[in-house]
Amino acid sequence: MASESYDFLLKFLIIGSAGTGKSCLLHQFIENKFKQDSSHTIGVEFGSKVINCSNKTVKLQIWDTAGQERFRSVTKSYYRGAAGALLVYDISNRDSYNALGAWLTDARTLASPQIVIILIGNKKDLESEREVTFLEASRFAQENELMFLETSALSGENVEEAFLRCSKNILTRIESGELNPDRVGSGIQYGDGTIRKLSSNKPEVSSSDGNCGC
Amino acid sequence: MPLKDRVRHLLHRDQNKDRGQSATGENEISQTPTFSVTKDDSAIEDEVDHDEKLPHELSLKIIESQRTELQKKLKSVTKKLSELVLENHTAYMGELQRVMDLQEDLERANVLCASGRKKLTLSREKFSGAGLGVLGKHRKKQLLSYLLQNFHTIKTLQKTDIHLRELLEEKLDVALSKICSKFDSETYTTIQNAYSLLGKNRAAMDQLHMHYTSAIHNTAFSVVTGHVEEKGEALIKEEAQKFSYQDLCKKVPISRFIECLIHLSKEMWYIMHSYYYVMKWHKDEEKNVPKLDSYPSIADIENDYNKKYVLKKLETGFTRVWQDVQMKVKLLLFGTDFSSFSKFEDLLFILDLTNRLMLVGEEFCGSKSKTLQETIRTQSINYFKSHHRARLDELRMYLENEAWEVCPLELGFNIFNLQEFRFLRTAVQDANKSKSDTNGMRCEVNGIFEKYNVLESPFDCIIEDNSPDDVVSTDKPSNDEPEVDEEGKTIYNDNDEDDIPDELKQDFIDEQTGETPSRNYKAGETNDVKFSQNSSVVANTTLTTIRFFGRYMHIMHALSPIAFDVLISMTQLFDYYLFTVFSFFSNETISNNHQLSSKLAATLKRIKDNMIQSSHASESVSVSVDDIKVQFPRMSLDATLFDAGTQRGLACRIIATESVIFLADKLELLRLHLETMIPSSKRPFLSQFYSQIRLAMNNVKWDVKEIMSQHSSYVDLLIQEFWRFDTYFKSLARRVLLPIEVYNILWDRCIKLANKTFVDGFSNVKKCSNEGRALMQLDFQQYLLQLEKMTTVRPIPEKEYVENYVKAYYLTESEIEKWIRSHKEYSSKHLSNLVLHGVGSHLNKKQKQKILNLIEDIEKGKKS
Ligand SMILES: Nc1nc2c(ncn2[C@@H]2O[C@H](COP(=O)(O)OP(=O)(O)OP(=O)(O)O)[C@@H](O)[C@H]2O)c(=O)[nH]1
Ligand SMILES: [Mg+2]
């Protein structure tokens, strides 16, 4: 809410085929609980959380998209201006892995091409039903310049880590100048905290809505 | 020898004197000389004894001879004697001297003795009485101390007895206090019997009530202490004693609050449960005892009085115990800031818990639990304010990120399938149930206390089910995708519909016409353009808003005391949505007020004034919870997307508008439920709100299409634009099932606007020949022909508007005056241009001025 102060606000996406556990990942991340009775997301849902990352307070604005095909047109419109994305497949479902290519293209074309994507192999706990090996997925990640983690929304393993890693990567890129938060549609906004800290090197930044299109 | 004897005698006497000093006394001492004389006499007698040996014939001769002999003898004896005397004289003298000394000593001793005796007599006289007294007293003392000992023993015994009694009472008391938290009929009977024996039934009852009071306090205290954490560490008992209960309540961390509340409710329940059973025990006892007979004994009367006292006391106690319990729970509830509960589920859970507690209270003593209700009300308002604040901000988030894409819903979609509305099913069922068993209500009384035995409580089940949010989580209806179904994890199945009460079904039955929920949503992908009669055009945010409605209604349902506040907040959600759609898509028209109906304009203004933060208030200004003002919505997506000039923009506009209408429709659908949820006194507000919505809706349809068509500003491009519009519209219709109504309205508005544009354009022509006029007419005819090919809308609306205007160029001065008076639909600019550049060509200056004045007058007339 308005009283929270943070240094950066990052827009995140969670994408991937239906039933891979996107909503569960978000729920686990925000509530620290497994969402028992998750059913298919309609359209897009939203969640936010403030985390500490690289000595900065970062507010994540996370859009959890529906994986079902029929929502594709709705969800695509949310890609725009996302700074980071969790691309999720289900390690116990080969099809969800095979669909990664299409999801990736969508993300790179519809969101910014600079979008930082982390590949997530979810349902790590279903080891016995594994259909995608860690190795082949990490190779895919490498080829497509993605970060990669296997997670379990059920046990919570690596869930926070996934969001943290992605955020950290974005912050590093901001520092190195590779990402420019002031660029329209960067998916990055300065919070009130940043104005103070960065005022020395970025005196121009004074507005909190750097990417507002209007 | 006699001397020896005398001495011996004396010595002997001395000895006697010594021996009998105290007994004989002074007399003997004074008689000593006489005594010695008598002794001399006895010595003479000794010599006389010799004469007895004399012969019987006494002759002188014999006597003489004897005498001579005797004289001789005497002489020798005397000689001998004197010799002896001389011989012993020194010894005699020495002895005599010693006798003298002795006498002297004796005399001294005598004196001493005499004085001693005197003193003794004196002392005897003086002290022996007191001594006896002392002795006597001593003996008395001994006796008394013996007595004392006995008394001590008796006292100890008595003390022991008292102590034992105390111990007994204490034990009884402890047993009694244990009754408070766990009633055991057998124990209680024993205790009661014991008190009867002690004759303390009434005192025991008073005591029992004190125990209840302190049991409530102590239990509450320790329960809360158990949940307090200070700096992440549990509080030690001793530490806790330093704080008041109220302070402790404030220290319960929010994460443990619910757990603590359950725990407290449970413990309080045990106490009340026990109290209930104590009462029951006494009532049963009352029943079993026969009525007093006509001549009762004192004891009977006493007994009877005691029982009445006890029952009376117990009866009044119910309210007091419940009041105490309420206070404890109240303080705990107030200890936590409800606005910091991030999850609605948490609040619902707390409400549910308190409602249960109030139900218990109601059955316990018929109390309406004012205290708790007040508390819950205050705290829920606190919660709700921050909840609403967060929802408004979230809604803004959603709206600002909304891409106005149609969110494809199932054909069978109905909002009551949304998780958020699920509570309505149970609510309706409950309502039905309560309708059917109004008679059964009575037997329900006391049910709750009978239902649970000592170890159970109505708060048990909730603890086992420790994921309360499962019940009301932000879930969606199941959408047919098989994977989830197979795992059996979806909540909703199609047959779930059976659970929906008919009254809910009726509302959306038409949404399901003829179509079974299809897994593959292909309807829109065929090439035939078809317009849905009933499909819903909904954007993602619309769905979110409806979910919010569901939540708000759930809060209203759970929290009837604040239902009205919630309802108002709910209307604010709608208002904000409406306002946002307007500000995104028809901002231009807000400034051009004449194109909006005044009522709509007023509505928008009201929303803006009440809900929208003035633009200069920056984001960093912290918003208080009470402030419901939301920032002016800004599209964070590329605004050009929605540009009026693009067909994408058209789609967005249509979707946005339709979604507002959908929202309004759904609100209408919910009206029935809303009405039952708010107090009847507030119903007028609801109707007012609804009439406002309806009004707004009519205008929304009117307005948005209007803007949509503003792009067609060139007459010669108009047809082409229309072609594009139509093509696009049809392609859009392929993707989105648009109601035919939308199509028709759009065409209607387009045509009307085009007509207006024609008139605008024609009136702007500065110089124009009669041929030019003809051309205008021709253009318009051409346009109409083309138009009729494209649209099914018949008749072409308002074509006379353009035709009449063009024809007016040919009118004469007198005709034109009449014409102007009768055609109020044209603006004064149109009219004056007509006079100046059109008709004016064959009029003189004066005539022109006259007509212009007429136009001005008419204009004034319009305004006033
Ligand atoms: N065993 C296991 N099951 C999981 C895990 N994460 C999610 N699931 C299950 O996978 C199913 C789908 O989870 P969701 O989070 O609803 O999937 P989603 O990706 O959001 O699906 P859409 O909203 O349709 O795109 C649910 O039944 C979850 O219980 C996990 O880490 N382990
Ligand atoms: Mg989901």
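By the naming in an unreviewed UniProt entry, chain B goes by Syndetin C-terminal domain-containing protein and is assigned to Trichoplax adhaerens.

Looking at an unreviewed UniProt entry, chain A carries the name small monomeric GTPase, with the source organism given as Trichoplax adhaerens. Under the heading Catalytic activity (unreviewed entry), UniProt records this for chain A: "GTP + H2O = GDP + phosphate + H(+)". Listed under Sequence similarities (unreviewed entry) in UniProt, the entry text for chain A is "Belongs to the small GTPase superfamily. Rab family."

Enquirer: Run through the overall build of chain A, naming residues and quoting values.
Expert: The number of helices and strands found in chain A is seven helices and seven strands. Reading chain A from its N terminus to its C terminus gives the helix and strand order β-α-β-β-α-β-α-α-β-α-β-α-β-α. In chain A, which comprises 214 residues, the proportion classed as buried is 58%. In chain A, 72% of the contacts between residues at least 6 apart in sequence involve partners at least 24 apart. Accessible surface, chain A as shown: approximately 8,500 Å² in total, 47% of it carbon and sulfur.

Enquirer: Explain a nonpolar patch on the surface residue by residue, including any values.
Expert: Where nonpolar side chains cluster on the molecular surface, the patch consists of Leu-144, Leu-147, Leu-148, Phe-151 and Ile-154 of chain B and spans about 480 Å² of accessible area. Inspection of the secondary structure puts Ile-154 of chain B in helix H3 (residues 60-181).

Enquirer: Explain the confidence of the model for chain B to me, using residue names and the numbers behind them.
Expert: Residues and elements named next belong to chain B. Scored by pLDDT, chain B has a mean of 71; 62% of the residues are at 70 or more. Ranking the elements of chain B by mean pLDDT puts helix H16 (residues 469-472) last, at 32, and helix H5 (residues 201-227) first, at 89. A low-confidence stretch, residues 434-445 stays under pLDDT 50, and its non-local contacts, those more than four residues away or across chains, total two contacts. Long-range and interchain partners of residues 700-716, a stretch whose pLDDT sits below 50, account for 46 contacts in this model, where long-range means more than four residues apart. Taken over the whole predicted complex, pTM reads 0.61, whereas the ipTM for its chain interfaces reads 0.80.

Enquirer: For helix H10 (residues 344-365) of chain B, give the residues involved together with the corresponding values.
Expert: Residues and elements named next belong to chain B. For H10, built from 22 residues, the straight-helix expectation of 32 Å at 1.5 Å per residue is met to within 8% by its first-to-last C-alpha distance of 31 Å. Across the 22 residues of H10, 16 count as buried, placing the element largely inside the fold. Downstream of H10 by a residue or two, Gly-366 has a phi angle that is positive, lying close to 65°.

Enquirer: How would you sum up the site of ligand 1? Please name residues and give values.
Expert: Close contacts around ligand 1 come from 24 residues, with Lys-22, Ser-38, His-40, Thr-41 and Gly-67 of chain A the closest. Residues lining ligand 1 come from chains A and B. At a separation of 3.0 Å, an oxygen atom of ligand 1 approaches a polar side-chain atom of Lys-123 of chain A. Contact between ligand 1 and Asp-125 of chain A: a nitrogen atom at 2.7 Å from a side-chain N or O atom of the residue. The protein chains hide 97% of the 650 Å² of surface that ligand 1 would expose on its own. Taken together, the residues of the shell around ligand 1 sort by class into seven nonpolar, twelve polar and five charged.

Enquirer: Requested: an account of the coordination of the magnesium ion (ligand 2), with residues and values cited.
Expert: Of the protein atoms, only Ser-23 of chain A (OG) and Thr-41 of chain A (OG1) coordinate the magnesium ion (ligand 2), at distances of 1.9 Å. Note that Ser-23 of chain A is positioned in helix H1 (residues 22-31) and Thr-41 of chain A in the loop between H1 and strand S2 (44-53), a separation of 18 residues in sequence.

Enquirer: Can you break down the packing of H5 of chain B against helix H8 (residues 254-288) of chain B residue by residue, with the values?
Expert: Residue and element names in this part refer to chain B. It is the contact of H5 with H8, at a shortest axis distance of 9 Å, that shows an interaxial angle of 165°. In terms of orientation, H5 and H8 fall into the roughly antiparallel class. Taken as a pair, H5 and H8 cross one another with a handedness that is right-handed. On H8, the residues that touch Met-205, Leu-208, His-209, Tyr-212, Ala-215, Ile-216, Thr-219, Ala-220, Val-223, Val-224, Gly-226 and His-227 of H5 are Arg-256, Glu-259, Cys-260, His-263, Leu-264, Glu-267, Met-268, Ile-271, Ser-274, Tyr-275, Val-278 and His-282.

Enquirer: Quick one: what's the story with the packing of aromatic side chains, residue by residue and with numbers?
Expert: For the coordinates displayed, the defined rule picks out 21 aromatic pairs over all chains. Ring centres of Trp-63 of chain A and Tyr-398 of chain B lie 5.3 Å apart, and the angle between their planes is 85°; on these two criteria the pair is classed as edge-to-face. One end of the pair, Trp-63 of chain A, is in strand S3 (residues 56-65); the other, Tyr-398 of chain B, is in helix H11 (residues 370-401), on a second chain. In this structure Trp-63 of chain A comes out as buried when scored by relative accessible area, which is 0%. By relative accessible area, which is 3% here, Tyr-398 of chain B ends up buried. Among the aromatic side chains, those forming a connected cluster through ring pairs are Phe-183, Tyr-188, Tyr-276, Tyr-277 and Trp-281 of chain B. Here the guanidinium or amino end of Arg-202 of chain B rests over the ring plane of Tyr-309 of chain B, the centre of that ring lying 5.9 Å away. The ring of Tyr-245 of chain B is capped by Lys-328 of chain B, whose NZ or CZ atom sits 4.6 Å from the centre of that ring.

Enquirer: Tell me about the nonpolar core, and please be specific about residues and values.
Expert: With 168 residues, the main nonpolar core has Leu-332, Trp-404, Phe-421 and Phe-549 of chain B as its most contacted residues. Ranked by the residues each element gives to this core, the list is headed by H8 of chain B, at 17 residues. With near-sequence residues (within four places) excluded, Leu-332 of chain B lies in contact with Val-224, Tyr-245, Cys-249, Val-252, Phe-257, Cys-260, Leu-261 and Leu-264 of chain B. Counting 33 residues, the second-largest nonpolar core is a separate cluster that includes Val-58, Val-88, Ile-174 and Tyr-190 of chain A.

Enquirer: Please give an account of the packing of H10 of chain B against helix H19 (residues 540-558) of chain B that cites residues and values.
Expert: All names here are of chain B. Where H10 meets H19, the axes come as close as 10 Å, and the angle between the chain directions of the two elements is 15°. Here H19 runs roughly parallel to H10, going by the angle between their axes. In the crossing of H10 with H19, the sense of the turn from one axis to the other is left-handed. For the pair H10 and H19, contact is made by Phe-344, Glu-345, Leu-348, Leu-351 and Asn-355 and by Arg-551, His-554, Ile-555 and Ala-558, respectively. Partitioning the contact of H10 with H19 into residue classes produces five nonpolar, two polar and two charged.

Enquirer: A description of unusual backbone geometry should follow, citing residues and the corresponding values.
Expert: A positive phi angle, close to 65°, is found at Lys-123 of chain A, a residue other than glycine. Among the structural elements, Lys-123 of chain A can be located in the loop between strand S5 (116-122) and helix H5 (134-143).

Enquirer: An account of the side chain of Thr-65 of chain A is needed here, citing residue identities and associated values.
Expert: Residues and elements named next belong to chain A. With respect to the helices and strands, Thr-65 occurs in strand S3. Separated by 2.7 Å, the side chain of Thr-65 and the backbone oxygen of Ile-14 make a polar contact. Thr-65 has contacts with Leu-13, Ile-14, Ile-15, Lys-22, Thr-41, Gly-43, Val-44 and Thr-75, leaving out every residue within four places of it along the chain.

Enquirer: Would you mind going over helix H4 (residues 185-198) of chain B in detail, with residue names and values included?
Expert: All names here are of chain B. The end-to-end C-alpha separation of H4 is 20 Å, in line with the 20 Å expected for 14 residues at 1.5 Å each. Among the residues making up H4, those that are buried are Tyr-188, Ile-191, Gln-192, Ala-194, Tyr-195 and Leu-198. Down the axis of H4, the buried side of the element spans an arc of 160°, and every buried residue falls inside it. Exposed residues lying more than 90 degrees from the buried face of H4 are Glu-186, Thr-190 and Leu-197. Looking at the packing, one finds that the buried side of H4 touches H3, H5 and H8. At the C-terminal side of H4, Gly-199 shows a positive phi close to 70°.

Enquirer: Which residues make up the pattern of salt bridges, and what values go with them?
Expert: Residue and element names in this part refer to chain B. One pass over the structure, following the stated rule, counts 26 salt bridges over all chains. The partner of Lys-313 in a salt bridge is Asp-206, with the nearest N and O atoms 3.2 Å apart. Pair noted here: Lys-313 is in helix H9 (residues 298-335) and Asp-206 is in helix H5, with a separation of 107 residues, a long-range link. For Asp-206, a relative accessible area of 29% translates into the label partly exposed. Close ionic contact of Asp-284 with Lys-287 constitutes a salt bridge, the shortest N to O distance being 3.5 Å. Of this pair, Asp-284 and Lys-287 are both found in helix H8, three residues apart, which corresponds to roughly one turn of the helix.

Enquirer: Break down the pairing of strand S1 (residues 8-16) of chain A for me, citing the residues and quoting the values.
Expert: Residue and element names in this part refer to chain A. For S1, the buried fraction is high: nine of the nine residues fall into the buried class. Because side chains alternate across S1, one face comprises the buried residues Phe-8, Leu-10, Phe-12, Ile-14 and Gly-16, and the other comprises Leu-9, Lys-11, Leu-13 and Ile-15, equally buried. Bridge analysis of S1 against S3 gives seven bridges, and the strand direction is parallel. Paired with Phe-8 across the strands is Val-58, a residue of S3. Inspection of the sheet shows S1 paired to strand S7 (residues 188-190) by three bridges, in the antiparallel sense. What sits directly across from Phe-8, in S7, is Tyr-190. Bridge count for S1 against strand S4 (residues 84-90) is five bridges, and the pairing is parallel. Bridge assignment links Gly-16 to a residue of S4, and that residue is Val-88.

Conventions adopted
Residues numbered from 1 in each chain as written. Chains lettered and ligands numbered in written order. Predicted model: local features only at pLDDT ≥ 70, side-chain atom pairs only at ≥ 80, totals over all residues. Heavy atoms only, no water. UniProt positions renumbered as here; feature names shortened; annotations may be inferred. Helix = DSSP H or I, 4+ residues; strand = E, 2+ residues; numbered from the N terminus. Buried < 20%, exposed > 50% of the residue type's maximum accessible area, 1.4 Å probe, protein only. Contact = heavy atoms within 4.5 Å. Areas by Shrake-Rupley, 256 points an atom, 1.4 Å probe, with all protein chains shown as cover. Patch = residues over 30% accessible without salt bridge, like charges linked within 9 Å, V, L, I, M, F, W, Y side chains within 5 Å. Salt bridge = Lys/Arg side-chain N within 4 Å of Asp/Glu carboxyl O. pLDDT = per-residue confidence, 0-100. Expected span 1.5 Å × (residues − 1). Near = heavy atom within 4 Å. Polar contact = N/O pair within 3.5 Å; in protein donor to acceptor, adjacent residues only side chain to side chain. Nonpolar A, V, L, I, M, F, W, Y, C, P; charged D, E, K, R; others polar. Donors = N, O, S within 2.8 Å, 3.2 Å for Na, K, Ca; no water. Axes fitted to C-alpha atoms, helices over the stretch in contact; angles between N-to-C directions. Parallel < 35°, antiparallel > 145°, perpendicular 65-115°, else oblique. Left-handed = near helix turned anticlockwise from the far one by under 90°. Phe/Tyr/Trp six-rings, centres within 6.5 Å; stacked < 30°, edge-to-face > 60°. Lys NZ or Arg CZ within 6 Å of the ring centre and 35° of its normal. Core = buried A, V, L, I, M, F, W, Y, C linked by side-chain atoms within 4.5 Å. Arc of directions from axis to C-beta. Pairing = 2+ DSSP bridges.

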